[in-house]
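Understanding the architecture of this molecule
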Amino acid sequence: MLVPTSSKLARLIAAPAAALPLLFAAPVAVAAPPGSPPSASVGGDRLGLPGVQVDPLAGAPSLPGDLTGQSWIVADAASGEVLAASNPHLRLAPASTLKILFADTVLPKFDRNAVHRVAPEEIQGIGAGSSLVGIKEDLDYRVEDLWRGVFLSSGNDAVHVLAHMNGGVQQTVAEMQARAEALQARDTRVVSPDGYDSDGQVSSAYDLTLFARAGLRNPDFRSYCATRDAMFPGAVDRNTGQRGSFGIANTDRLLGKYPGLIGVKNGFTTNAGSTFVGAAERDGRTLLVTVMHPTTYQKVYDETAALLDWGFAAAGKVAPVGKLVEEGESAAPTPTGQAGGAAGVPAPPPHPSPTATERSAPAGARAADSAGDGLGPVGWVVLGVVLTAGGAGAVLLLNRRRAAAR
């Protein structure tokens, strides 16, 4: 048996010891924290690079110079070409813009004229401070009224009622995650169906744009997100026995103000800040713009409008820096290409629901299985063994390279 000399022994001990702070500082939870980039870029290599990506040709206008959004993207809805972007795969809290994915998942399932009586438990467990449309228990609502509550008032109560109709909140969250994966929206982790601030819940400007593009192919989705105001069913008057109604207005501040704006959805929470996904049409061209986390609430609208103006002026004068992938299309990075798909085409059916075994797994376990951003508890144990066995150098080098790439 060979006995290490004192110098060799010191080196063997020092290597894993030096790695221990990294080992124990590494997160066990694998859901990406807000602000973290994906491990690989979907839609093209340039979309994974930090900072602004744009490829101007002769006569191209300059991008707006006062943009403060941490992440944004400008894309052509028909071709899928990304005209310009800044950190589009940066993972950030989505707030109520996650309702776009909720609608894309659940809206095709129910007839808009169907009537549903709301049970008390369907409007319980809603996060404190949530935006509400004002749904009352033990009253009937048409499905189309519920969707107006989602799109116009950003009502978390309407989301919860529709989620219960869909089999429950956890079932809906699982289906939303599956739908995101089917659309190749790999930056998204769904925890709540309404976008309410939840640990580990993230999306990206790129993913939200994918959701909006898919949603706009459904005529009902397109109609709801373009509705500026509507009457919503109210309570029953105790004296007359008649049911009243009240007006609701779309919280999208660009709707009706920006020429050609179609929708789609705004979002805001104290923790997440402001997010906005907008679609506008001009001269037969539809552009999608997503802005996430600018410095102030109003700037999310100002910067979206400025980027839409730029996009319409830049069409044909910039080379695409990436693309919006299609469902079922290879996500291998490619800087250019046509994605196809015309507005008005019905949305594809929801992605198949997870199996009973998958649904029974805790939400954290499902996130850990799909996130791919951490080693998990077992992985860190294995890593510790590797370090102790003398492989610390290679592992530390790999960690440094990953850190440099973030």
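Since this is a predicted model, take the numbers as computed values, not measurements. (Residues numbered from 1 in each chain as written. Predicted model: local features only at pLDDT ≥ 70, side-chain atom pairs only at ≥ 80, totals over all residues. Heavy atoms only, no water.)

**Considering the nonpolar core**
By size, the foremost hydrophobic cluster in this structure holds 61 residues, and its most contacted members are Ile-135, Trp-147, Phe-151 and Phe-221. Looking at this core, the element that brings in the most residues is helix α6 (residues 205-215), giving seven residues. Residues within four places of Phe-151 in sequence aside, it is in contact with Ala-103, Leu-107, Phe-221, Tyr-224, Cys-225, Asn-250, Val-264 and Lys-265. (Core = buried A, V, L, I, M, F, W, Y, C linked by side-chain atoms within 4.5 Å. Buried < 20%, exposed > 50% of the residue type's maximum accessible area, 1.4 Å probe, protein only. Helix = DSSP H or I, 4+ residues; strand = E, 2+ residues; numbered from the N terminus. Contact = heavy atoms within 4.5 Å.)

**Brief notes about unusual backbone geometry**
In the Ramachandran plot, Asn-87 falls in the positive-phi region, its phi being about 50° despite a non-glycine side chain. Residue placement: Asn-87 occurs in the loop between β3 (81-86) and α2 (99-106). Judged by its relative accessible area of 23%, Asn-87 is partly exposed. Even without a glycine there, the phi angle at His-293 is positive, about 60°.

**Things to note about the pattern of salt bridges**
Applying the stated rule across the entire model yields 15 salt bridges. One salt bridge connects Arg-179 with Asp-104, and the closest N-O pair in it is separated by 3.0 Å. In this pair, Arg-179 sits in helix α5 (residues 169-182) while Asp-104 sits in helix α2, placing the two residues 75 residues apart along the sequence. Judged by its relative accessible area of 2%, Asp-104 is buried. Through salt bridges with shared partners, one network takes in Arg-112, Arg-142, Glu-144, Asp-145, Arg-148 and Asp-220. (Salt bridge = Lys/Arg side-chain N within 4 Å of Asp/Glu carboxyl O.)

**Looking at the pairing of strand β8 (residues 261-269)**
The buried fraction of β8 is high, at eight of nine residues. Here β8 runs beside strand β9 (residues 273-282); their pairing, made up of eight bridges, is antiparallel. When the bridges of β9 are listed, Phe-268 appears paired with Ser-274. Linking two consecutive strands that pair antiparallel, namely β8 and β9, is a turn of three residues. (Pairing = 2+ DSSP bridges.)

**Focus: helix α8 (residues 299-314)**
With 16 residues, α8 should cover 22 Å at 1.5 Å per step; its first-to-last C-alpha distance of 22 Å lies within 8% of that length. Of all the positions in α8, only Val-300, Tyr-301, Glu-303, Thr-304, Ala-305, Leu-307, Leu-308, Trp-310, Gly-311, Phe-312 and Ala-314 are classed as buried. (Expected span 1.5 Å × (residues − 1).)

**Topic: the packing of α2 against α6**
It is at 9 Å that the axes of α2 and α6 come closest, and there the two elements cross at 40°. Viewed along their axes, α2 and α6 adopt a mutual orientation that is oblique. Note that α2 runs across α6; the crossing there is left-handed. Where α2 abuts α6, its residues Ile-100, Leu-101 and Asp-104 lie against Phe-211, Ala-212, Ala-214 and Gly-215. Of the residues in the contact of α2 with α6, the class split is five nonpolar, one polar and one charged. (Axes fitted to C-alpha atoms, helices over the stretch in contact; angles between N-to-C directions. Parallel < 35°, antiparallel > 145°, perpendicular 65-115°, else oblique. Left-handed = near helix turned anticlockwise from the far one by under 90°. Nonpolar A, V, L, I, M, F, W, Y, C, P; charged D, E, K, R; others polar.)

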